[in-house]
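Report on the structure
Residues per chain are reported as follows:
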Amino acid sequence: MNQTRKKEGVRTTGIPSKEELEASPGYPSYEALTRGPIVVIECVQDIPCNPCESICPKGAIRVGNPITRLPVFYPEECDGCGNCIPICPGQAIFRVDINHAEDKATVSFPYEYLPLPKKNDIVQGVNRTGEAVCEAEVLRVQKPRKFAQTTVITVAVPKELAMEVRSIKRLKRME
Amino acid sequence: MGKTEIAVVGGGAAGMTAAIESARAGAQVTIIDENEQPGGQLFKQIHKFFGSGVHRAGTRGVQIGRDLLREAEEAGVQTRLNTVVYGIFPDKRLGLICGDHTEELASEIIILATGANENALSFPGWTLPGVMGAGATQTLININRVLPGRRILMVGAGNVGLIVSYQLLQAGADVIAVIEGLSYIGGYGVHASKIRRAGVPILTGFTVLRAEGKESVERAVIAQVDEKWQPISGSEEVLEVETICLAVGLSPLSELAWMAGCRFSFLPALGGWVPAHDENMQCNLPGIYVAGDLAGIEEASTAMEEGRLAGLAAAESLGYLPPEEGRKRKEELRNRLAALRIGSFGEGRATAKKKLMRAMCEK
């Protein structure tokens, strides 16, 4: 389908632009990512919402008042527990471990489709436009009760795609 | 003729919370709902809500619905289901249709929480089976667990269009595209991002020209529009779809409020004609309150806070709350409401709500 795009940005395309992401206080610098697994918050609009702030056991995410403020992320406080990933109603929080292996990073993301992939499956990693950009090995599929039916999936992807891959291609249903 | 102290018309998000607050304060409360189950739209809201802890953010609407049903029962709210309110008559008498007969219910206070209607969009082929409201689609997939079609076109990129598109994907359908007449996506960017990641294109500046098909929808023809919403010739595209979902806004379901004689204001930011009300959610007619989408199209979280406010104010007016406690709790609820109406998505509604309250003072 011919999709003409005059402008970039989340309000026109549905995808936050690089500029919008880098300008948002929840999006960590690449330098911060090199220090260990941390979350990446891709929240760029003033939506009245703050469960990420309440759930963080380390106080690494602060919204404050009013609750339309963008979450401010303090990467040095984050231990990468990922509790904020399933609670975010916008599914806008991810975890990235850039140091997973020499040429691999891991990306964790919320996933609410069936069927779920299984550990060790090789699936397709997709970027923010849904385009398959690499093979991804499923490392973890977490769905404890406290996640309230949002599964958090962790995949290993080529290191250079750590800030591109944000989900996986939906798996075909059995008919 | 039956009697109650507070009659709540509509058992959705606003009506349930209103009834719970009034009943907890000690009032005798009856909810009247035309459906088999109370809960309104909450049970099809399978996504997690926005807001803060007091607004139950991060909790799915369906869970909030279950909790409200339990709270209403514990608070002693009477519920009349499968019952249609067909009219409001002098002295706050409600006319009810209960299956094969009618009844009257006299009440000291009426809280109208009738919700909203989906707007339609007419185009050649719009009466073909397969063209339906996005809200109806959401009921089919999340309540009845039936897919209306495998290949879907969603018309409208407000929150309803975006959320229902996501839920259609969850239900196993393919959303071929979301189109939006405006040049921008009106709903939350995060809802749009979710479906973009799933590979769904969102086409802004597009409208649906016609639906085609023999017995039912087989394809949709869409086209780009100019600034005056006129289709640009040569920009037509054909999409092979079985279902066209319309998510082009909601209008307050206001017949009973009109019949009661409430004063109305026309406020597009709130969905059209809306009954004026004061900061207690009371209309220009003493003893008639409004809450939720009827009082202006907003989110379920706002509807619940408005319901609580109306329920509390109604109970207070019957003397069930000490003035000081009533004042404090209402103030708290107003602050919670205000928190949901700030920022670029809320400001327009906040301004419109102020106008609605000013309209109360006009002669």
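Here the structure is a predicted model, which is why all the values come from computation and not from measurement.

**Remarks on the domain arrangement of chain B**
Residues and elements named next belong to chain B.
- For chain B, the assigned domains read domain 1 (2-117 + 250-359) and domain 2 (120-246).
- For domain 1 and domain 2, the distance between their C-alpha centroids amounts to 31 Å.
- The partner domain 2 presents 6 residues to the 4 residues of domain 1 that form the contact.
- Class assignment of the residues belonging to the side of domain 1 that touches domain 2 gives a composition of 2 nonpolar, 1 polar and 1 charged.

**A closer look at the pairing of strand β13 (residues 219-224) of chain B**
All names here are of chain B.
- Residue alternation in β13 divides its side chains into a buried set, A220, I222 and Q224, and an unburied set, R219, V221 and A223.
- Bridge count for strand β12 (residues 206-212) against β13 is 6 bridges, and the pairing is antiparallel. Paired with R210 across the bridge in β13 is V221.
- If you look at the hairpin formed by β12 and β13, you'll find 6 residues sitting between the two strands, and G213 has a positive phi there, around 160°.
- Here 3 bridges tie β13 to strand β14 (residues 237-239), and the two strands are oriented antiparallel to one another. By the bridge assignment for β14, A220 is matched with L239.

**Quick word on the interface of chain B and chain A**
- On the chain A side, the residues contacting the 38 residues of chain B number 37 residues.
- Elements with a contribution of two residues or more to the side of chain B that touches chain A: α4 (159-170), α5 (189-197) and β11 (202-204) of chain B.
- No other element matches the 7 residues that α5 of chain B contributes to the side of chain B that touches chain A.

**Thoughts on helix α3 (residues 134-142) of chain B**
Residue and element names in this part refer to chain B.
- Every buried residue of α3 is accounted for by A134, T137, Q138, I141 and N142. Relative to the axis of α3, the buried residues are bounded by an arc of 110° and lie together on one face.
- In this fold, the buried residues of α3 make contact with β8 (131-133), β9 (151-155), α4 and β15 (243-246).

Reading the values: rules and limits
The residue numbering used here restarts from 1 in each chain and proceeds along that chain's sequence as written. Labels are handed out in written order, letters beginning with A for the chains and numbers beginning with 1 for the ligands. Only residues with pLDDT of at least 70 are given local features in this predicted model, and only at 80 or more are side-chain atom pairs given and counted; all residues enter the totals for whole chains, interfaces and linings. Residue ranges labeled as domains rest on an automatic or database domain assignment. By the convention adopted here, residues make contact when the C-beta atoms placed from their backbones lie within 7 Å. All residues other than Ala, Val, Leu, Ile, Met, Phe, Trp, Tyr, Cys, Pro, Asp, Glu, Lys and Arg, Gly among them, are scored as polar; the first ten of these are nonpolar and the last four charged. Counting other C-beta atoms within 10 Å of a residue's C-beta gives its exposure: the residue is buried at 20 or more, exposed at 12 or fewer, and partly exposed in between, where C-beta atoms are placed from the backbone. Helix and strand labels come from DSSP, where a helix needs a run of H or I of at least four residues and a strand needs a run of E of at least two; each type is numbered from the N terminus. Should DSSP find at least two bridges between two strands, the strands are taken to pair. In this description, one arc is meant: the one made by directions from the helix axis to the C-beta atoms.

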